[in-house]
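# Structure at a glance
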Amino acid sequence: MEAHKKFHKGVINALNAILNAELANSEKVYNTSINDQNLAIIEVIRELDKDQDLSDLNKKVKEEEARQKINARIKKAQTNYLERNKALTNAKNKLKEASANLIEAEKYKLTAIDNLNSYLQQKRPSEKLLEMINIDLDQYSKYVNDANKALLDVDNYICLLYTSPSPRDRTR
């Protein structure tokens, strides 16, 4: 059981490490995405400032349009991040629950095996009966064999008596 628990714990720890790495990666991807979007808005503003053909009002309108697009991407990234983290956290919880259930099932299995072994180790009823009436099994077997021999001997006498002529048969 201990070796099984150790193996089980190793597998669970490995799966938890993978899920934790995925959570960390998810956060890294999210933070990179937010940073990229912030850099994108800064780049839009720089490009608009360079454009001498646009009025200040048009620059503000284009900047606002760019901000709305980028904010929509940021919101989408945030939604994806939260959904992914929720799924990964749920997977970790399910793994913990499954692990506890497997360990509990293993305990029940071992109890069942012990009970079965105990049952199989008990003496058979005939052995208990012989023990109760204090008969040695070898003596019992010898007695049965001797009785069978005696019956065979009797059978020979019965056959001999049956085939021998009776006194009535001799007087005729």
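Residues numbered from 1 in each chain as written. Predicted model: local features only at pLDDT ≥ 70, side-chain atom pairs only at ≥ 80, totals over all residues. Heavy atoms only, no water.

### Focus on the overall build of the protein chain
When helices and strands are counted, the protein chain shows five helices and zero strands. For the protein chain, the N- to C-terminal ordering of α and β elements is α-α-α-α-α. Burial analysis of the protein chain (172 residues in total) assigns 14% to the buried set. Surface exposure of the protein chain reaches about 14600 Å², of which carbon and sulfur atoms provide 56%. (Helix = DSSP H or I, 4+ residues; strand = E, 2+ residues; numbered from the N terminus. Buried < 20%, exposed > 50% of the residue type's maximum accessible area, 1.4 Å probe, protein only. Areas by Shrake-Rupley, 256 points an atom, 1.4 Å probe, with all protein chains shown as cover.)

### Some thoughts on the packing of aromatic side chains
Throughout the structure, instances matching the rule amount to one aromatic pair. Their ring planes at 15° and their centres at 4.5 Å tell us that tyrosine 30 and tyrosine 81 sit as a pair that is stacked. Within this pair, whereas tyrosine 30 is found in helix α1 (residues 2-50), its partner tyrosine 81 is found in helix α2 (residues 56-121), the two being separated by 51 residues in sequence. (Phe/Tyr/Trp six-rings, centres within 6.5 Å; stacked < 30°, edge-to-face > 60°.)

### Structural notes on the environment of leucine 88
Residue position: leucine 88 is located in helix α2. For leucine 88, a relative accessible area of 10% corresponds to the buried category. In this structure the C-alpha to C-alpha distance between leucine 88 and serine 26, which are 62 residues apart in sequence, comes to 9.6 Å. Ignoring sequence-local partners within four residues, the contact set of leucine 88 consists of Leu19, Glu22 and Leu23. (Contact = heavy atoms within 4.5 Å.)

### Regarding a nonpolar patch on the surface
The grouping of Phe7, Val11, Leu15 and Ile18 at the surface amounts to a nonpolar patch, some 380 Å² of accessible area in total. When you line up the elements, leucine 15 lands in helix α1. (Patch = residues over 30% accessible without salt bridge, like charges linked within 9 Å, V, L, I, M, F, W, Y side chains within 5 Å. Salt bridge = Lys/Arg side-chain N within 4 Å of Asp/Glu carboxyl O.)

### Details of the side chain of glutamine 37
Structurally, glutamine 37 is set in helix α1. Classification of glutamine 37 by relative accessible area gives buried; the value is 13%. Ignoring sequence-local partners within four residues, the contact set of glutamine 37 consists of Ile70, Arg73 and Ile74.

### Side note on the pattern of salt bridges
Going through the model one piece at a time under the given rule, you end up with four salt bridges. We note a salt bridge from glutamate 63 to arginine 67, for which the minimum N-O separation is 3.0 Å. Taken together, the residues glutamate 63 and arginine 67, both in helix α2 and four residues apart, mark about one turn of the helix. As a salt-bridge pair, lysine 107 and glutamate 104 come within 4.0 Å of each other at their nearest N and O atoms. In this pair, lysine 107 and glutamate 104 are both assigned in helix α2, three residues apart and thus about one turn of the helix distant. Exposure remark for lysine 107: the relative accessible area of 39% places this residue in the partly exposed category.

### Quick notes on the confidence of the model for the protein chain
Of the residues in the protein chain, 73% have a pLDDT of 70 or more, and the chain-wide mean is 80. Across the protein chain, the secondary-structure element scoring lowest on mean pLDDT is helix α5 (residues 167-171), at 57, and the one scoring highest is α1, at 90. (pLDDT = per-residue confidence, 0-100.)

### Remarks on the nonpolar core
In globular proteins that are soluble, nonpolar side chains generally tend to be buried together. Listed in full, the eight residues of the largest apolar core are Tyr30, Ile34, Ile41, Ala66, Ile70, Ile74, Ala77 and Tyr81. Of all elements in the fold, only α1 and α2 reach the threshold of two or more residues within this core. Considering every element that reaches this core, the biggest residue donor is α2, with five residues. Those residues in contact with isoleucine 41 that lie beyond four places of it in its chain are Glu63, Ala66, Arg67 and Ile70. In terms of nonpolar packing, the next biggest core, distinct from the first, is built from five residues, Ile12, Leu19, Leu23 and Leu88 among them. (Core = buried A, V, L, I, M, F, W, Y, C linked by side-chain atoms within 4.5 Å.)

### Here's the deal with the side chain of asparagine 85
Position of asparagine 85 among the secondary structure elements: in helix α2. A residue is classified by how much of its surface remains accessible, and asparagine 85, at 15% relative accessible area, is buried. Discounting chain neighbours no more than four positions away, the residues touching asparagine 85 are Leu23 and Ser26.

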